[in-house]
Amino acid sequence: MQHCTDPYSSALCRRRCFLCFLCVWVPIGGGGWSPMPTEKEPWLQLDLRDRMEVTAVATQGRYDSSDWVSSYMLLYSDTGRAWKQYRQEDGVGRLPGNMNSEAVVQNKLSHSIRTRFLRLLPLDWNPSGWLGLRVEVYGCAYKSYVADFDGRSSLLYRFNQKSMSTVKDVVSLRFKSRQAEGVLLHGEGQRGDYITLELHRGRLALYLNLDERDDTRLRSSGGRSVAVSLGSLLDDQHWHSVLIERFNKQVNLTVDSHTQHFRTKGEGDSLEVDYELSFGGIPLPGKPGTFIRKNFHGCIENLYYNGINIIDLAKRRKPQIYSGNVTFSCSEPQQAAATFLSSSASFLSLPATVAAAAAAVAGGTGGAFSLRFQFRTWNADGLLLSVRLAPEPQRVELQISGSRLRLTLHTSAQQKSQVSTGEGLNDGLWHSVTLDTQNHQISLSLDNEPASTVELGERLDAVDHVYLGGCPSSTSTSYCENPTTAFQGCMRLIVINGRPTSLHDVQHGLLGNYNGLSFDMCAIHDRCLPNLCEHGGQCSQSWSSFHCDCSGTGYSGATCHNSLYESSCEAYKLTGSSSGYYSIDPDGSGPLGPARVYCNMTEDKVWTVLDHSSSAPVRVQGSSPQKPYIMRFNYSASPEQLRAIVTGSEQCQQEVVYRCKKSRLFNAWDGTPMSWWLDQAGERRTYWGGFLPGVQQCSCGLQENCQDMNYFCNCDADVNKWSNDTGVLSYKEHLPVSQIVIGDTNRTGSEAVYQVGALRCYGDKSTWNAASFYQESSYLHFPTLQAELGSDISFYFKTSAPSGVFLENLGLKDFIRVELSSPSAVAFSFDVGNGPVVLTVKSHVPLNDRQWHYVRAERGVQEASLQVDQLPLRFLEAPADAHVRLQLNSQLFVGGTASRQRGFLGCIRTLAINGVHFNLEERARMTPGVSSGCPGYCSGSSSLCHNRGRCIEKSSGYVCDCSQSAYGGPSCREEVSVSFDSESSVTYTFQEPFSVMQNRSSQASSVSRESSRARENVAFSFLTSQRPAMLLSVSTFSQQYIAVILATNGSLQVWYRLHADRGPDVFCASRQNLADGYLHRVRIHREGRDVYVHVSPSCIRLQITDAAVRQAGLKGFIGCLSSVQFNHIAPLKAALLNRGSSLVSVRGQLVESNCGVLADSKVSETVDRGKEPLRNASQSNSAVIGGEFSDRRVVKALNCQNQSPVK
């Protein structure tokens, strides 16, 4: 290793750089660095002699050899003792190296690092050779002004005047902290302004208020809400940068590379601080060394307040700075940590007897055993300690169990004593543990809280070794076994019997033994920063992965990306739904969220109806143009949702009823509007009917039937009797009406009555937006796909070609592509920097059959999936700690590729990416080889086939394939209904292994592992007067089941048993009596732990929780069931049409009925109800309809009135 005396003296240094300050190279004939083959976990460490700002690292293999490093980890440190891993922007810590010995590979760091020491830890190398490195580091000199705060010190910056008032502030600093708590900055004023920046639980909290007058003072240490909290694990004793930028009320807070924007509290725009700003603590008035909050313990460098270098002023002892006990060099604590990397194989073995003997020599208690250490982790379970005690076979285990600390004393094979303490210990913070066996008891203390104890009958002595973090796999230590998993996390400050443990000696083989440890660093990484859970999903994590809780968001999937709702009322109708209130998500996986609407499906057109806050008629008097009457309308959707719904609809309208008496709409002399309304953008509009914008007329003016033909509105005649200017606004770009203003009702006898109706829209413009591709070299191009962290792509296609690319977007190395790879296969491929990934769905029938087929491809940071029609979903889990950002730079090509090869021939429609619908028709009109629309009977906007029916093209027409619909008839609109008595039921046996109810294991991490998602879609209608009653049940081989019943009070219950070792979870979907002889429609959708139930006309969201075991029994069903659908299976229709099928088992007599049509008919007969166990529940995967099911332990139905409400 040597410094570059000449920046151009090596092949590496001849590369262009603004400063090459260190090279590791050997002149020709030497070679480079290569460790001995016997070295365990070799690494190369570089000392830059001073702190430098490093911007890039370049490597070569060893000269003229087969030795090179193909990937490595980069660590950095100020002291050479405590190290931190460099990670790229997407969290990847593996840097690519060389593929041969001579080529230079330079890694430009996405963010520069300021350090003195660098360590390169090889991860992969030439399998046919050995490790070899030549390395060069690029960067520049780094100058800093440093202040050290010892936990009792502070810096006070005193103003030249009594107070400082600013409308713009910029504060920047870098810090490294030894503690998770501590104030970095504070200032306050007498009028109520304050600013505080402090560490709290390892995160940075900024409190900021401008002129909010209240009696709550910061010294009360409570009552203040945090304006913003950012960062994580900031007590890692490494440098972190902070930037606060404020202009008036707008504030940006940046911690390292993460920025959050917010608007501050308070009435004013300026921050008024009295007397001084304090750094490092909040001193009491007149007592600069006394603090009311925990003060900062660590180092701060380059502290600037509005351009003023605070530390430089303190070093030069300027009078405006008070620097109590502050030193100007950063003291470095010698607290080396070790990381336990594996949840199954990591352990640290230390001799207990040597420590005990040393303690005895030093005057200790001899046989007593004590242990102290600190740990931090994200895992809720893991073994911390196992030690054998004498007399044998006694041993002590200390473990994290369910996020609590549990101590277990095993006195024999069958007897043990336990004590637990703490909670939430998997929070990533450092926790201190003290274990002591003195005075005939074992005491356990956590974080300096009062100790918990286990009484001993005799004195216990430690025997041979202490195992920390896990147990070795060798049989010689059979007494030490991992109870669940080994510890995965960090440990430091290990003290056995009062003697500190040198991890340096352990690392170099001088003390104890270990496996799966990394020394001199705590490699904990916050996978929830930034939060990759979308739509408000809550992020939780373990050491190696993160999980998104999507409860209550309306979204599902690994990162809460997929909307649980349809995008329009039109889409609900296509699934077989009837009129009612629904949640629609107009932008799908986009940011808008679901909106509550009423879907009117009684007409040929499907109307989407959005109500507002003032739908009743309103009488107005006493208003004038100077003091007009104003009413603002609040709709059941946000302005952004309204805009998306209106834009996506074919047509919208809104009726405005306006009746007047001596109240004009326009001034007769100059046409000045006396009343008007505001559109969705807040613009004034003065037309009162279906007129185009800008025409100051009413409906009667258009129809030329106004009462007085001298005017264009009836009200403008200004007569002393009631007139009517009701009209329908239909220029959808202006809808809905957001506000109405009435200004001519202040004269004697003058008044007006208005009523603004609901916004009504019909049609879905995206459903049949299609393009036809006639030439293989043709394509449509759109702007680059914005999908760094995730994307979902959905569309329909039909073709007769054997293959072709549907869409493609390229980057320098990354790409994403969806294609028809063969006549019966669709492939979804992409590369985000980890190598190409291909997902393929193969169909048992050709897909180039000139019929419409549905494709949905999704890629996220945790998994990728591909769905084609109703074929089983295919997905792959993403590799851990790999690249996740998709870097694209070309245009998005639809129907072809940039190379004009392998283009698609056929039709594509309804293309949507991340909730954005693409206007294919508009782009096709200006593109050669492509035409808008798609020929054929099944390509129009009219719904020829309903209720999931599939339109099949024929040479001279079309037919509807209703095989996957619960309905029948030529257009799949006829309900299939069956009447049941107490002895009848239908059982449907699934052909393939029924895995849709299976929940994926949270422990799965295999990249290639595939399975079905945990989800179901159930829909049916029923009519009965019986209660209790069993409506439908589904069971699996593993004794899981779903059951839908009516309880004894007639309420609808949904039963889920997803785990064979637990009882069922029971949920009340409707508390009203549904056994009323009327037809009720039920839709149930489950995604993971969320259940959504729609019982016409209301909708309820339920969440599966780990409730206590509820045992119940169900009785048979008497009544009528109609249009039963379970996922893509219609079992009731299969029973009627395929009575000889081996999949369908019918018990009793089935009578085809028309109850789905005669919805108002009553069921008056009452028949005795029997019960019979579902005998095949544990032998097959089946669905039972209208039959009898019982849990053999208890035969009774739960009453919803006795259950707690669903939250």
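Residues numbered from 1 in each chain as written. Predicted model: local features only at pLDDT ≥ 70, side-chain atom pairs only at ≥ 80, totals over all residues. Heavy atoms only, no water.

The name that an unreviewed UniProt entry assigns to the protein is Contactin associated protein-like 5a, with the source organism given as Gadus morhua. Check the Sequence similarities (unreviewed entry) section of the UniProt entry for the protein; it says "Belongs to the neurexin family." Entered under Subcellular location (unreviewed entry) in the UniProt record, the comment concerning the protein runs "Membrane". (UniProt positions renumbered as here; feature names shortened; annotations may be inferred.)

**What about the state of the cysteines?**
As enumerated under the stated definition, the model contains 14 disulfides in all. C471 shares a disulfide with C480; S-S distance 1.8 Å. An S-S torsion of about -80° defines the bridge between C471 and C480 as left-handed. We classify C471 as buried; its relative accessible area is 5%. Classification of C480 as buried rests on a relative accessible area of 3%. One disulfide in the model links C698 with C713; its S-S distance is 2.1 Å. Between C698 and C713, the disulfide has an S-S torsion of 90° and is therefore right-handed. Here the residue C698 occupies a position in the loop between strand 51 (684-685) and helix 6 (699-703), and C713 occupies one in the loop between helix 6 and strand 52 (723-724), the gap between them amounting to 15 residues. For C698, a relative accessible area of 0% corresponds to the buried category. (Disulfide = S-S within 2.5 Å. Buried < 20%, exposed > 50% of the residue type's maximum accessible area, 1.4 Å probe, protein only. Helix = DSSP H or I, 4+ residues; strand = E, 2+ residues; numbered from the N terminus.)

**Quick look at the nonpolar core**
Of all hydrophobic cores here, the largest spans 43 residues; its most connected members are Y658, L665, W688, Y754 and L759. Per element, the largest residue contribution to this core is 4 residues, and it comes from strand 49 (residues 651-661). The residues touching L665, leaving out its near neighbours within four places in the chain, are Y658, T672, P673, M674, S675, W688, C698, C713, C715, D716 and D725. (Core = buried A, V, L, I, M, F, W, Y, C linked by side-chain atoms within 4.5 Å. Contact = heavy atoms within 4.5 Å.)

**Observations concerning the environment of L398**
On the secondary structure map, L398 appears in strand 29 (residues 395-401). Sequence-wise, L398 and L383 are 15 residues apart; in three dimensions their C-alpha atoms are separated by 6.4 Å. For L398, the residues in contact, after removing those within four places along its chain, are F373, L383, L384, L385, L405, R406, L407, V433 and L444.

**Description of the pairing of strand 2 (residues 44-60)**
Burial analysis of strand 2 places 12 of its 17 residues in the buried class, the great majority of the element. Where strand 2 meets strand 7 (residues 134-141), 8 bridges bridge the pair, whose relative direction is antiparallel. Looking at the pairing, V54 lines up with G139 of strand 7. (Pairing = 2+ DSSP bridges.)

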